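Structural overview for review
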Amino acid sequence: MSGKLITGVPLAAEQLCVVFDPKVLGVRSEAKTSGVQGLLGQDRAFEAISLSAKIPYSDFNLFVLGRPGYGRHTAVHDLLAKEAANRTVASDWVYVNNFDAPHKPTAIELPAGMAIPLRAAMQAVVDDLANDIPAYFEADDYQSKRRAIEQDYGEKHEQSFNDLMDNAKAKGLVVLRTPMGFMVAATTQDGKPLTPDQYDALPEAEQKDIDEKVAVTQKELENVLKEIPKREKAHRRALEELNSGVATRAVADTMAEMTADFTEIEALQPYFVAVKADLIENAELFLTNGTGAHAGAFPVETTKFYQRPQFQRYSVNVMICNPTDHNAGAAIVTEDLPTLGNLVGRVEHKSEMGALVTDFTMIKPGALHRANGGYIILDVRNLLTEPFAWDALKRCLKTGQISITSVEQRLSLFATTSLEPDPIPLNLRVALVGERMFYYLLMELDPDFTDLFKVQADFNDDVFIDGDTPKQFADLLTGITGRENLRPLQTDALLSLLTEATRLADDAEKLSLNVGKLSDIVREADFRAGTAEHKEILAEDIDGAIAAIEDRASRPRERTQEAIARNMLLIDTDGKETGQINALSVLQIGDFMFGRPSRITARVRMGKGRVVDIEREVELGGPLHSKGMLILSGYLSTLYALDVPMSLWASLVFEQSYGGVDGDSASAAELFTLLSALSDCPIDQSFAVTGSVNQHGEVQPIGGVNQKIEGFFDVCAARGLTGRQAVLIPDTNVKNLALRRRVVQAVKDRKFNIIPFSTINEGIGILTGVEAGERGKGGAFPENSINGKVEARLQLFARQLKSFGSHKNNDNSAPGGRKKK
């Protein structure tokens, strides 16, 4: 070193980063292995998932808490899949036409694997009847019976008119058909109708006789005409009975043949009865043009009549069809886009003649239908961002039914033809996966949440390094290469990943369980290994990938370093200054964190016991920073000049800070700056400090210690390392160190130092080179100590304030002065 540290013991290079011994990995094969499929350190979460999967109560749904990238989705899916494999296959569900109320389609539950055969059977029924019914009605037997009915009707009709004509002729009358209808007229001896002149020339008695005969015949004509509608009705009834009988035989034969495999399914029997009745009643649908033997471009045997619109009423809409193998297990569904329609299903529409219409065949299933009888996994962030989806899920869970609704119906956006399908019974387990924030917000804001989701599986962020944990973790990393079909990891590469896991955990005694982040590093390292034509992933590939990941996100850090290098941000790394210190802070942009030094300055004078936090005064300081300042004030007030009033006015400020400041990690640095200003002892600017302080002067741990150290180190390295430059950190943060190799190497070469400290007295001694001092037997601090000088300065301020007050009172009491009341 070019300089000598007056006090404080720097950390050795070995204490700055965990270095794993290859022995912790045990005996390993160079070939790819499948690795450990489960995650480490998640026993509590796994037990909760297992409980939710097995418990029979419907309200024990699951919420999986944790941070993204920690394998929650994969773990939940794998664990639920194991339990699903032990469950029986769920039932099939279909929607069929409700012939009595078409707007309310009927839902029917079927044994697993029977939905598609049922649909095929009904299609075959329609296709067969489209061929059979025309053949039945074209058969000689039917034609002869119909001709008989027609002949009987014609004979009866003709006979009634013939009898009427004969009776009229016997009376000398004739029945004539005119454009106005039928009329009765008298005839001459030669049988011609009597003209009006001839009628007028007849004697009155003869006219009277003709009128009476005409009246009687007209009455008989009326009776004959009245019988015609009755006879036609009887004729139609006879034809209907004939047609019905023919259709019944055709339908019964076809239905019996095609539905023989479904006789034991009781739920289908009412539907078959309704279908049979409707087919018989609407047999004419099969006789319309286009269903005959010569219809279409293909032979009758290949014509798909069931696709024609008039036969959609007999379709079967398969909602869910499960495997017939009862060992296939229950369904497990992951819905990545849980919109209302994707979740509970939807009713589609089509445009016809400018109007939107629909029918039961346009009902589409949702994720709840597909997962019924099993498990569904939903990402809670996606679920909550979809309109009405969360409300619909809760409604289905509370009612135990899947009711299909649409956003348009909920909002009443437009009125059109719609359906009210039968709700389908719901029996499944819902697993929501999300961050802890969502869990606690739902707990607080949604009273239904705790009633429906009674099980929480909280995933740990890290795991302690003990026993076989490193080996198991290495197996997990090796498993990534196996699943991703990557090159095998060399032993040194595994050790580098273990070290990186401690940095991600921000704890040298723990490994981060951020499998997603580590997987990204491994895959990028595999790419680099391929580029370098390595057969294995080497440590240099891992280190290169980590450096590249940081470099891609480091533009803001480089701009900060550039501003310091160009003296646009004023930071001193040598010399001594009174009331000035280098504090360290952490900035986070996205998922990238980096440290930067900040200059804190303090000014003091006589006053009334106020420490002014300029950041707070201009509303740039957050609540945690303000709390640190109040703790600092409490420390001063209870440690120094206890026999006199606190007569200090001091101001503290983060120089060149133009954004918000929060957190208490700079409270120790602020206190050091204030003590330096009060004692008039300069602080060595080769040092930077981080740490929070309590009212007893004890230094407390802070976060982001690695990034803070590296931020100051980079500034010093750019200006040239002197061997005197150092960072003071709380001694409780030593176990959090996982520094990059550039810092470790500089410490190893004695060009940079990291010094732990535990109290304010210890820290101020290191920074100023002057002992802090303890109160002696007389209760006073040593005269030349930091604390002695601070107390002396505060007592001086108190005397000055008292003198100033007395002088002011004397002035007010002097002749010509005004005495205060």
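Residues numbered from 1 in each chain as written. Predicted model: local features only at pLDDT ≥ 70, side-chain atom pairs only at ≥ 80, totals over all residues. Heavy atoms only, no water.

**Here's the deal with the overall build of the protein chain**
Formally: Every helix listed is a DSSP run of H or I at least four residues long, and every strand listed is a run of E at least two residues long, numbered separately from the N terminus. Per-residue accessibility, obtained with a 1.4 Å probe over protein chains only, is compared with the maximum for each type, and a residue is labelled buried under 20%, exposed over 50%, and partly exposed between these values. The method behind every accessible area is Shrake-Rupley, applied with a 1.4 Å probe, and residues are considered shielded solely by the protein chains displayed.
The number of helices and strands found in the protein chain is 26 helices and 29 strands. Out of the 821 residues belonging to the protein chain, those deemed buried represent 46%. Of the roughly 41500 Å² that the protein chain leaves accessible, carbon and sulfur atoms contribute 51%.

**Looking at the confidence of the model for the protein chain**
Basically, it comes down to this: Confidence scores here are pLDDT values: one per residue, from the predictor, ranging 0 to 100. What makes two residues a contact is simply this: any of their non-hydrogen atoms within 4.5 Å.
For the protein chain, mean pLDDT is 84; residues scoring 70 or higher make up 89% of the total. Contacts for the low-pLDDT stretch residues 30–37, under 50 throughout, to residues beyond four places or in other chains number 19 contacts. Throughout residues 291–298 the model reports pLDDT below 50, and contacts reaching past four residues in sequence, or to other chains, amount to 13 contacts.

**A few points about the pattern of salt bridges**
The line we're drawing: Here, a salt bridge means any side-chain nitrogen of Lys or Arg that lies within 4 Å of a carboxyl oxygen of Asp or Glu.
Evaluated as defined, the whole model comprises 28 salt bridges. Linking Lys-394 and Asp-446 is a salt bridge whose minimum nitrogen-to-oxygen distance equals 3.0 Å. Linking Lys-394 in helix H11 (residues 389–399) with Asp-446 in the loop between helix H13 (436–445) and helix H14 (449–452), this pair joins segments that are 52 residues apart in sequence. The two residues Lys-394 and Asp-446 agree in class, both being buried. Put simply, Asp-462 and Lys-510 hold a salt bridge, and the shortest N to O gap is 3.5 Å. Remark: Lys-510 occurs in strand E18 (residues 510–512) and Asp-462 occurs in strand E17 (residues 462–464); sequence separation between them is 48 residues.

**What to know about the nonpolar core**
Counted only if it meets this: Definition used in this section: a nonpolar core is a set of buried Ala, Val, Leu, Ile, Met, Phe, Trp, Tyr and Cys residues joined via side-chain atoms within 4.5 Å.
Residues Phe-473, Leu-489 and Ile-542 are the most contacted members of the largest nonpolar core, which totals 53 residues. In this structure, Phe-473 is in contact with Leu-40, Leu-498, Ala-501, Leu-511, Ser-512, Leu-513 and Leu-518, ignoring residues within four places of it in sequence. Membership of the second largest hydrophobic core comes to 43 residues, among which are Met-606, Leu-652, Phe-672 and Phe-687.

**Considerations on the sheet that holds strand E16 (residues 455–458)**
We count it as follows: Any two strands between which DSSP finds at least two bridges are classified as paired. Lines are fitted to the C-alpha atoms to define the axes, a helix being fitted only along its stretch in contact, and any angle between axes, read from their N-to-C directions, falls within 0 to 180 degrees.
Spatially, E7-E12-E15-E1-E16 is the arrangement adopted by the 5 strands of the open sheet, whose pairing is parallel. Of all strands in the sheet, those with a lone pairing partner are strand E7 (332–335) and E16, marking the two edges. Between one strand and the next, the sheet's axes are offset by a mean angle of 20°, whatever the strand orientation. Sheet analysis places E7 next to strand E12 (residues 375–379), joined by 4 bridges and oriented parallel. Bridging from a neighbouring strand, Thr-334 pairs with Ile-377 of E12. Along the sheet face, helix H1 (residues 43–54) touches strand E1 (62–65), E12, strand E15 (429–434) and E16 and points at about 150° away from the line of E16.

**Some remarks on the sheet that holds strand E6 (residues 316–320)**
Spatially, the 3 strands line up as an open sheet ordered E3-E2-E6, and their pairing is antiparallel. Every interior strand has two partners, whereas the edge strands, strand E3 (106–110) and E6, have only one. Mean inter-strand twist for the sheet, computed between neighbouring axes without regard to direction, equals 30°. Sheet topology note: the strand E2 (residues 92–96)/E3 ladder contains 5 bridges and is antiparallel. Opposite Tyr-95, over in E3, you have Ala-107 as the bridge partner. Contacts from helix H3 (residues 115–138) reach E2, E3 and E6 within the one sheet, and its direction differs from that of E6 by about 170°.

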